[in-house]
Amino acid sequence: MGETITYVRGDATAPQGKGVRIIAHVCNDLGGWGKGFVLALSRRWPEPEAAFRRWHRERAGNDFGLGALQLVQVSPYLWVANLVGQRGTRTARSTGVPVRYEAIDAALAKLAPEAERLGASVHMPRIGCGLAGGRWERVEPLITARLTDRGVPVTVYDHG
């Protein structure tokens, strides 16, 4: 019934395949956009960062927060999904990691019906496992439960 996650070497900002594609990545709940995968996104398109910053700035009147999803169209067949799955950012003083698995889970649950509506495949780096400090063995089952088990094709990109 479901799909399985496809793993490839490559750049998640250049998703492979045909049809509508969604690039999913994890953002923090502070409105910060300046390190990691987001820099690669911003080199290609200004819209995801601009939309994310506006969403954060206007958060008093919208759904911005942990577990939220923002879909930003960057071309006729390509969207970027900003998933708020990280509490703050890691600093020299911070203990623990910023990743919030339950927030990633909630955002993926919102992404699934959108991917279905668009007839889209989902493409991502190992979300939550870079600057957010998460572990892939905790994130992967969330992707399986929320996306591939529902028939949404997912490709995960490893650099290099």
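Computed from a predicted structure; not experimentally measured. (Residues numbered from 1 in each chain as written. Predicted model: local features only at pLDDT ≥ 70, side-chain atom pairs only at ≥ 80, totals over all residues. Heavy atoms only, no water.)

## A closer look at the overall build of the chain
- Counting its secondary structure elements, the chain contains four helices and six strands.
- For the chain, the N- to C-terminal ordering of α and β elements is β-β-α-α-β-β-α-β-α-β.
- The C-alpha atoms of the chain give 14 Å as radius of gyration, which agrees with the globular expectation for 160 residues (15 Å, within 12%).
- With respect to the three principal axes, the spread of C-alpha positions in the chain is 45 × 30 × 30 Å.
- Out of the 160 residues in the chain, the part that is buried amounts to 49%.
- For the chain, the exposed surface amounts to about 8000 Å²; the carbon and sulfur share of it is 50%. (Helix = DSSP H or I, 4+ residues; strand = E, 2+ residues; numbered from the N terminus. Rg over C-alpha atoms; globule rule 2.2 N^0.38 Å. Buried < 20%, exposed > 50% of the residue type's maximum accessible area, 1.4 Å probe, protein only. Areas by Shrake-Rupley, 256 points an atom, 1.4 Å probe, with all protein chains shown as cover.)

## Considering the packing of helix α3 (residues 101-118) against helix α4 (residues 136-146)
- Two elements in contact, α3 and α4, have axes whose closest approach is 9 Å; the angle formed by their N-to-C orientations is 25°. The orientation of α3 with respect to α4, classified from their angle, is roughly parallel. Classified by chirality, the crossing of α4 by α3 is right-handed. Residues Tyr101, Ile104, Asp105, Leu108, Ala109 and Ala112 of α3 pack against Arg138, Val139, Leu142, Ile143 and Arg146 of α4.
- Classifying every residue of the contact of α3 with α4 by side-chain character gives eight nonpolar, no polar and three charged. (Axes fitted to C-alpha atoms, helices over the stretch in contact; angles between N-to-C directions. Parallel < 35°, antiparallel > 145°, perpendicular 65-115°, else oblique. Left-handed = near helix turned anticlockwise from the far one by under 90°. Contact = heavy atoms within 4.5 Å. Nonpolar A, V, L, I, M, F, W, Y, C, P; charged D, E, K, R; others polar.)

## A closer look at the nonpolar core
- Val122, Ile143 and Leu147 are the most contacted members of the largest nonpolar core, which totals 31 residues.
- If you list the elements that add at least two residues to this core, you get β2 (21-28), β4 (78-86), α3, β5 (121-124), α4 and β6 (154-158).
- If one sorts the elements of this core by residue count, α3 sits on top with eight residues.
- Apart from residues lying up to four places away in sequence, Ile143 is in contact with Ile5, Leu108, Met124, Ile127, Trp136, Thr148 and Val154.
- With 14 residues, the next largest nonpolar core counts Trp33, Val38, Leu41 and Leu78 among its residues. (Core = buried A, V, L, I, M, F, W, Y, C linked by side-chain atoms within 4.5 Å.)

## Observations regarding the sheet that holds strand β3 (residues 69-75)
- Taken in spatial order, the six strands of this open sheet run β1-β6-β5-β2-β4-β3, and their pairing is mixed. With partners counted over all chains shown, the strands left at the sheet margins are β1 (6-9) and β3, one partner each. Between one strand and the next, the sheet's axes are offset by a mean angle of 30°, whatever the strand orientation.
- Sheet strands in contact with helix α1 (residues 37-44) are β2 and β4, and its direction is about 130° off that of β2. (Pairing = 2+ DSSP bridges.)

## Examining the packing of aromatic side chains
- Summed over the entire model, instances satisfying the criterion amount to five aromatic pairs.
- Ring centres of Tyr7 and Trp136 lie 6.3 Å apart, and the angle between their planes is 80°; on these two criteria the pair is classed as edge-to-face. Residue Tyr7 is located in strand β1, and its partner Trp136 is located in helix α4; the two are separated by 129 residues in the primary sequence.
- The exposure class assigned to Tyr7 is partly exposed, which follows from its relative accessible area of 33%.
- Here the aromatic rings of Phe52 and Trp55 are separated by 6.3 Å at their centres, their planes lie at 70°, and the arrangement is edge-to-face. Linking Phe52 with Trp55, this pair stays in helix α2 (residues 47-57), spanning three residues, or about one helical turn. An identical accessibility class is assigned to Phe52 and Trp55; each is buried.
- Members of the aromatic cluster, joined through ring pairs, are Trp33, Phe52, Trp55 and Phe64. (Phe/Tyr/Trp six-rings, centres within 6.5 Å; stacked < 30°, edge-to-face > 60°.)

## A few points about α1
- Turning to α1, its buried residues are Val38, Ala40 and Leu41. Considered in projection along α1, the buried side chains sweep an arc of 155° and stay on one side of the axis.
- Its buried side turned inward, α1 meets β2 and β4. (Arc of directions from axis to C-beta.)

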